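# Survey of secondary and tertiary structure
One-letter residues, chain by chain:
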Number of protein chains: 2
Amino acid sequence: MGKKVTIRDIARMAGVSVTTVSQVLNGKGKRFSKTTREKIMKLRDQYQYVPDFHARSLIMKGSINTIGVLVPNVSESFFGTFVEGVQQVARQEKLIPLIFSANREPKLEQEYLEQMVERSIDGLIIASARMTTEMINQALSNRDIPYILFDRNYDQQGARVLTDDYHGGQLAAQHLLALGHTKMLFLGVKNITENFKQRMAGFQETINAQEINFDEDHNLLKADLSKDGGYQMARPVIESGATAVFTANDEVAIGLMRGLREQGVRVPEDISVIGYDDIILDEYVYPQLTTIHQPIFKLGVGATEILLNKINHPDAEPEQVEHFPVKLIARQSTGKCQQN
Amino acid sequence: MGKKVTIRDIARMAGVSVTTVSQVLNGKGKRFSKTTREKIMKLRDQYQYVPDFHARSLIMKGSINTIGVLVPNVSESFFGTFVEGVQQVARQEKLIPLIFSANREPKLEQEYLEQMVERSIDGLIIASARMTTEMINQALSNRDIPYILFDRNYDQQGARVLTDDYHGGQLAAQHLLALGHTKMLFLGVKNITENFKQRMAGFQETINAQEINFDEDHNLLKADLSKDGGYQMARPVIESGATAVFTANDEVAIGLMRGLREQGVRVPEDISVIGYDDIILDEYVYPQLTTIHQPIFKLGVGATEILLNKINHPDAEPEQVEHFPVKLIARQSTGKCQQN
DNA sequence: GTGAAAGCGCTAACAG
DNA sequence: CTGTTAGCGCTTTCAC
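This one's a predicted model, so the numbers in the text were calculated from it and none came from an experiment.

### Section: the domain arrangement of chain A
Residue and element names in this part refer to chain A. Along its sequence, chain A is carved into domain 1 (7–59), domain 2 (65–163 + 296–323) and domain 3 (165–294). Computed over C-alpha atoms, the centres of domain 2 and domain 3 are 29 Å apart. At the junction of the two partners, domain 2 supplies 13 residues and domain 3 supplies 14 residues. Carbon and sulfur atoms supply 50% of the area buried between domain 2 and domain 3, which totals about 1200 Å² over both sides.

### Quick word on the pairing of strand β1 (residues 66–71) of chain B
Residues and elements named next belong to chain B. Of all six residues making up β1, six are buried, and the element is well covered by its neighbours. Side-chain alternation along β1 places T66, G68 and L70 on one buried face and I67, V69 and V71 on a second face that is also buried. In this structure, β1 lies alongside strand β2 (residues 96–101), joined through six bridges in parallel fashion. Considered in β2, the bridge of V69 is made with I99. Across four bridges, β1 lies against strand β3 (residues 123–127) in parallel orientation. Each bridged residue has a counterpart across the sheet, and for V69 the counterpart in β3 is I125.

### Comments concerning a nonpolar patch on the surface
Residues and elements named next belong to chain A. A cluster of nonpolar side chains, contributed by L58, I59 and M60, occupies part of the molecular surface with about 280 Å² of accessible area. Inspection of the secondary structure assignment puts M60 in the loop between α4 (53–59) and β1 (66–71). With relative accessibility at 40%, the residue M60 sits in the partly exposed group.

### Some thoughts on the sheet that holds strand β12 (residues 327–329) of chain A
Residue and element names in this part refer to chain A. Taking strand neighbours across the sheet as the criterion, the six strands line up as β7-β6-β8-β9-β10-β12 in an open arrangement whose pairing is mixed. Either end of the sheet is taken by a strand with one partner, and the two such strands are β7 (220–223) and β12. Each adjacent strand pair in this sheet contributes to an overall mean axis angle of 25 degrees, direction not counted. Contacts from helix α9 (residues 194–208) reach β6 (184–189), β7, β8 (244–247) and β9 (272–277) within the one sheet, and its direction differs from that of β6 by about 170 degrees. Sitting on the sheet, helix α13 (residues 250–262) touches β6, β7, β8, β9 and β10 (290–293), and the angle it makes with β9 is about 155 degrees.

So, how was this worked out
Residues numbered from 1 in each chain as written. Chains lettered and ligands numbered in written order. Predicted model: local features only at pLDDT ≥ 70, side-chain atom pairs only at ≥ 80, totals over all residues. Heavy atoms only, no water. Domains from an automatic or database assignment. Contact = heavy atoms within 4.5 Å. Buried area = accessible area lost by both parts, 1.4 Å probe. Buried < 20%, exposed > 50% of the residue type's maximum accessible area, 1.4 Å probe, protein only. Helix = DSSP H or I, 4+ residues; strand = E, 2+ residues; numbered from the N terminus. Pairing = 2+ DSSP bridges. Patch = residues over 30% accessible without salt bridge, like charges linked within 9 Å, V, L, I, M, F, W, Y side chains within 5 Å. Areas by Shrake-Rupley, 256 points an atom, 1.4 Å probe, with all protein chains shown as cover. Salt bridge = Lys/Arg side-chain N within 4 Å of Asp/Glu carboxyl O. Axes fitted to C-alpha atoms, helices over the stretch in contact; angles between N-to-C directions.

In structure tokens, the structure reads:
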């Protein structure tokens, strides 16, 4: 218990040189005698020698097998599942994922990013819709650490995994239109980012194509991006007179449903609600939430795979982008428009 | 873009020695001329010099301001909230929390623990009910890294934050008894750990004291510790004939409620359900979940504070234990027993 | 005011 | 088969 055992201690005790110990312990010791090897191994076990990580990575730079994962908020189911996807491939590849949850605060994101740089991680998965490429490069001190982007602005550069948010918006609109709704609302968010913009654009344009009016002045409401955010918007939603609401994501939808219920509004009889993401929760709320499915876990897997690829082939083609499909999952929170 | 700028580069460019640069950059440069200082600062900004973390911690061991947080599963709301608590104080204290989510796999827990040791973190928060003190010490290579335990076996040694699980079980029983229930069930988990044992003990003994029968053969069912686990147990719960169920935690309760609903059983009219933890979700499900409240966020804060204290005063009193209160939150998932 | 030198714990040529 | 030497990037005496 206590003081750290160094490679030198082991060497001294074994009566050999430091090199020998190092080599043997790193499996490069074929050339040493069996006796020596065993002696060293025994000593290592006995004193529970663990090589110093920092000393090690000081020399073998870049090969530490650590990746950083920056998410807005681990405690959201969406990012929790995403991280699980990352972890799955990380484990296969013997990578250690360092998870940073920045609480949606740009300053913290920046800080964590810098931390990761200092710790010379091998690569980075950034799931933040807020940061611009510029901010990222800034935080990365213009070093060429491979990173991949997720859930964020399309116009940025960089390798990334994408889902078609525009199409997701279309699917939501088509579903609601097919159910006969004409008064529809998009419950967006205050700090709008590109992915949400796209969802709304797909939604809006599909509706407008049916010669049904939808414009930002009358059919757009803004909530905080959370369950509570959705909850708070129940009254405004009711007052809007809409019969169907498409929300920025499932968290907002679940909050909204709670609010509606407390106001005595029935879902879907009075108002249909459709969310976005397909988080696990959707099947556990009542009524079960109709939503646009994103393959969240797979996104985590995909992001990690692309990153790995970038790490292993730094000189490869410039920007790798992988597309993942979205689809409609019709459950119980949407129904025929009853207002005729 | 590219190659890393070292302190030597800066020194060379400034025409001074490495020492000077180091001193100036670490704020210990009062003794240097203003000109020199400014020159160095300028160069640092210009080349975006960031000191190498590993080189640094190799020398100044132990003062890196990093703590490790090992949780079973970040994507569970409970641990997500807990981690947020940790982060709050971490940020105030300028600590970087490294989050590891071990997916409830002992092997992974062990592996991550070893990783943290290698990276010479300053301290450790272990939220795993599975690992024994022995396993932990083993993974920690018997080094004296301060750590604190959470959500786990009481009989273990070590500083920790605790809530009174036994009392929580009592509260649940009292609540159900007051509602007139006599046929009660504890929906426990397969891999039982001390915290769950305690909950059940408090529950069971309170009930037995009323001369109502409750024994493990008839009144205990075991589920996987997850929403799906609870969901799967709906049928057995119904078949048991119980009018009230106390679940191991809220996740299980929420899953169970979904299962019951799908089987056409009403909550609370037919069966009352009471959970444990008071996760955020409880207010968003329908009916809102009655539960035993644990101050999850505060537990995270408390754990971190104790750890910090241990780090800063390694020689202090042996084991610090902080107790946090639990309380009953009566919502809508429990009601009067209708079976008379 | 400033710098030379030592060394943190480790690995990797290169000699023997 | 094994050891010597050099050095990763940085901080820290201590001498000039």
